[in-house]
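Letter by letter, the chains look like this.
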Amino acid sequence: MSKLWDRLDPHNRVIAVHVDISNNKDFAGLSGVVYVGDVKFVEDCPTAGTDGRDVIYNAEFVMGLSRKQLRFVVLHESFHKALRHCSEYIEVSKREPEATNIAMDYVVNAFIEEADPEHQFIEHPTDPKPLLHPKYYGMSFIQVLRDLLKNAKPIHKPQSGAGEGKPSEGGNSLGHQSSSV
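Everything in this summary refers to the structure shown in the same document. (Residues numbered from 1 in each chain as written. Predicted model: local features only at pLDDT ≥ 70, side-chain atom pairs only at ≥ 80, totals over all residues. Heavy atoms only, no water.)

## Quick look at a nonpolar patch on the surface
Taken together, the side chains of I15, V19 and Y35 present a nonpolar region at the surface, about 250 Å² in accessible area. Tracing the chain through its elements places I15 in helix α2 (residues 10–22). Residue classification places I15 among the partly exposed residues on the basis of a relative accessible area of 33%. (Patch = residues over 30% accessible without salt bridge, like charges linked within 9 Å, V, L, I, M, F, W, Y side chains within 5 Å. Areas by Shrake-Rupley, 256 points an atom, 1.4 Å probe, with all protein chains shown as cover. Salt bridge = Lys/Arg side-chain N within 4 Å of Asp/Glu carboxyl O. Helix = DSSP H or I, 4+ residues; strand = E, 2+ residues; numbered from the N terminus. Buried < 20%, exposed > 50% of the residue type's maximum accessible area, 1.4 Å probe, protein only.)

As structure tokens, this is what we get:
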């Protein structure tokens, strides 16, 4: 099966992962969200991102991921869509763009981690590493954001452009758009 994966182009890798998610007992409930919107490939996004409907990927980034790592990335963007991060928190995202993006990433990554703690289905990408902290497991976006702002230490800056972006690739012009994992 690995040899087939190696022959797939980026678009077909994403489609294969959509099917994997639909067939997985822990994540199948997210299938309706996974299939909403278009899948697009752009060069000016370092990893992946969503506007709440469509998901953009960097083809080179996708090709550098294992199937289990791509499952994590697709789930990450799908949870942003499911939790309506791109539409519900526009105002706070304008005021605190970095903290907002980081808090949202902690929340979606916690959902994935809690659903598959043994990493039977997913694997964390290594570049960028996902923002994960057990203290945020089970917390809402607002709770995580409040904690980040309250502890006003320099916020952990995501690596390799994760959590940053231009409006077209993951900024905040349309609300929160994730460009990280």
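## Overview of the nonpolar core
One finds I21, Y57, L70 and L75 to be the most contacted residues of the largest nonpolar core, which totals 24 residues. With 6 residues, helix α5 (residues 67–82) is the single largest residue contributor to this core. When sequence neighbours within four positions are dropped, the list of residues in contact with I21 reads F27, A28, S31, V34, R71, V74, L75 and F121. (Core = buried A, V, L, I, M, F, W, Y, C linked by side-chain atoms within 4.5 Å. Contact = heavy atoms within 4.5 Å.)

## Things to note about α2
Along its 13 residues, α2 runs 19 Å from first to last C-alpha, staying within 8% of the 18 Å computed at 1.5 Å per residue. Within α2, the full set of buried residues consists of P10, R13, V14, A16, V17, H18, D20 and I21. (Expected span 1.5 Å × (residues − 1).)

## A word on the side chain of H80
Considering the arrangement of structural elements, one finds H80 in helix α5. In this structure H80 comes out as buried when scored by relative accessible area, which is 0%. At 3.0 Å, the side chain of H80 and the side chain of D105 are in polar contact. (Polar contact = N/O pair within 3.5 Å; in protein donor to acceptor, adjacent residues only side chain to side chain.)

## A few points about the pattern of salt bridges
Under the criterion given, the structure shown has 9 salt bridges. Taking the shortest distance from any N to any O, the salt bridge between R67 and D20 comes out at 2.7 Å. On the criterion of sequence distance, the pair formed by R67 in helix α5 and D20 in helix α2 is long-range, its members being 47 residues apart. When sorted by exposure, R67 lands in the same class as D20, which is buried. One salt bridge connects R53 with D38, and the closest N-O pair in it is separated by 3.7 Å.

By themselves, these observations are geometric and do not establish any function.
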